[in-house]
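Below, each chain spelled out in residue letters.
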Amino acid sequence: MPRQRALLDPLRGSSARNPPPPERAEGDEEEEEEEERWSTIPPELLGEVVRRLESSDGQWPLRKSLVSCACVCRRWRQVTTGVVGSPRDTGMITFAASLKQPGPRDLPIQCYIKRNKTNNTFCLYLSLTQTFMDKGKFLLAAERFRHRAHVEYIISFDADDMSQRSNAYVGKLRSDIFGLNFKIYDGQPPFDGAKASTNRTSRRFASKQISPQVPTGNFEIGQVSYKFNLLKTRGPRRMLCTLQRTAENSRKVHQKIPRADASGSDAGSVVLKNKAPRWHEHLKCWCLNFHGRVTVASVKNFQLVASSNPNGAGDGTIDVNEPVLLQFGKVGDDMFTMDYREPLSAFQAFAICLTSFGTKFACE
């Protein structure tokens, strides 16, 4: 202890070999004292408080009280995130981490997308009611950019910050020259040991890292392709999606955003195909049953189901009773619904829906 006192005493510890420690800002000390005061609450009591909030605050905007609890201090964050279930178990989105976790097994999470043609932006909202008129809870935003012959969609937590150098950056979507093949990139590694894309246009420069141990970049997690149909002899658009499964328990606790879960040991991928519409002889058009969630006919409308072909090659058969994992459709000039469920996350579903925008000359 004498040496510590000497270091704190400028009269006796001001040597080059033993410099005094840097002075701490008064605000930092007050913040630490405040955090220490809140962290002294017994975890059992705190857990009971959070459980009561969880049971009473069913929907937004009431669920923001749970987010407030998680923002108090590290101890509160650990207890709150431990009590609040994932979307797969609860069917609810609470934290930003929920956007990269799979949706519920049974009933889908209902969202909608607003398009702004003037600035090429798309915003994803969580539906708060069964109508299409509620303001919704903002989840994600995307902006379309053209790089020479390619198109990219930057996806962000902040509608006013679309920089890949920002902490709000979530991922990106990139198309080929024809707009028929897309690659989905995650801004954080989907699993331990994942390698970032080496494509020059897919790198993320000057990134602000949450932790020096967490690599940042663009990690390919999926592909979406549309069947080439230049002669227009095959009817409406035909989609094939291949998404990488990642293990929830393989990520490190210091990663910024939890990854989408997968069952078992979690290797491999999930293959989705669009559900083929039927021709309505009376209406003279292709039809799908969206159960009232889509009200405007559009070539962009689709439903995705699991494909029987795990390799994604060939056509693969689709059971008519196969549950719809993602459906997207038009309800207004610039309004579209998006309903998703397991194994898709909100981020994956949003990226897939973005591929439907834009004209596809060799597809429709």
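The preceding data block contains the structure.
Residues numbered from 1 in each chain as written. Predicted model: local features only at pLDDT ≥ 70, side-chain atom pairs only at ≥ 80, totals over all residues. Heavy atoms only, no water.

A. Looking closely at the packing of aromatic side chains. Summed over all chains, the structure comprises nine aromatic pairs. The rings of Phe122, Tyr153, Phe302, Phe328, Phe336 and Phe357 are connected pair by pair, giving a single aromatic cluster. Lys100 extends its terminal NZ or CZ atom over the ring of Phe347, reaching a point 4.7 Å from the ring centre. The aromatic ring of Tyr125 is capped on one face by Lys114, whose charged end is 5.4 Å from the ring centroid. (Phe/Tyr/Trp six-rings, centres within 6.5 Å; stacked < 30°, edge-to-face > 60°. Lys NZ or Arg CZ within 6 Å of the ring centre and 35° of its normal.)

B. Local environment of the environment of Glu54. On the secondary structure map, Glu54 appears in helix α3 (residues 43–56). Each C-alpha atom, one on Glu54 and one on Leu66, is 7.2 Å from the other, the two residues being twelve residues apart in sequence. Residues in contact with Glu54, not counting those within four places in the same chain, are Arg63, Leu66, Val84, Gly85 and Thr90. (Helix = DSSP H or I, 4+ residues; strand = E, 2+ residues; numbered from the N terminus. Contact = heavy atoms within 4.5 Å.)

C. Up close: helix α7 (residues 346–354). Most of α7 sits inside the fold, with nine of its nine residues counted as buried. Along α7, the residues that are buried comprise Ala346, Phe347, Gln348, Ala349, Phe350, Ala351, Ile352, Cys353 and Leu354. (Buried < 20%, exposed > 50% of the residue type's maximum accessible area, 1.4 Å probe, protein only.)

D. Main features of the environment of Phe302. Residue placement: Phe302 occurs in strand β12 (residues 302–306). Of the residues examined, Phe302 reaches a relative accessible area of 4% and is grouped as buried. Between the alpha carbons of Phe302 and Lys330 there is a distance of 9.8 Å; along the sequence they are 28 residues apart. Excluding its chain neighbours within four sequence positions, the residues that come into contact with Phe302 are Met239, Phe290, Leu326, Gln327, Phe328, Ile352, Cys353 and Ser356.

E. Quick peek at the sheet that holds strand β6 (residues 181–186). Ordered in space as β1-β2-β3-β4-β5-β6-β7-β8-β9-β12-β13-β14, the twelve strands form a closed barrel in which the pairing is antiparallel. Neighbour-to-neighbour, the strand axes of the sheet open up by a mean angle of 20°, direction not taken into account. Sheet topology note: the strand β2 (residues 121–126)/strand β3 (residues 137–147) ladder contains six bridges and is antiparallel. Paired with Leu126 across the bridge in β3 is Lys137. In this fold α7 packs onto β1 (109–116), β2, β3, β4 (150–156), β5 (169–175), β6, β7 (219–226), β8 (239–244), β12, β13 (326–332) and β14 (335–340), with an angle of close to 135° to the strand it touches most, β14. (Pairing = 2+ DSSP bridges. Axes fitted to C-alpha atoms, helices over the stretch in contact; angles between N-to-C directions.)

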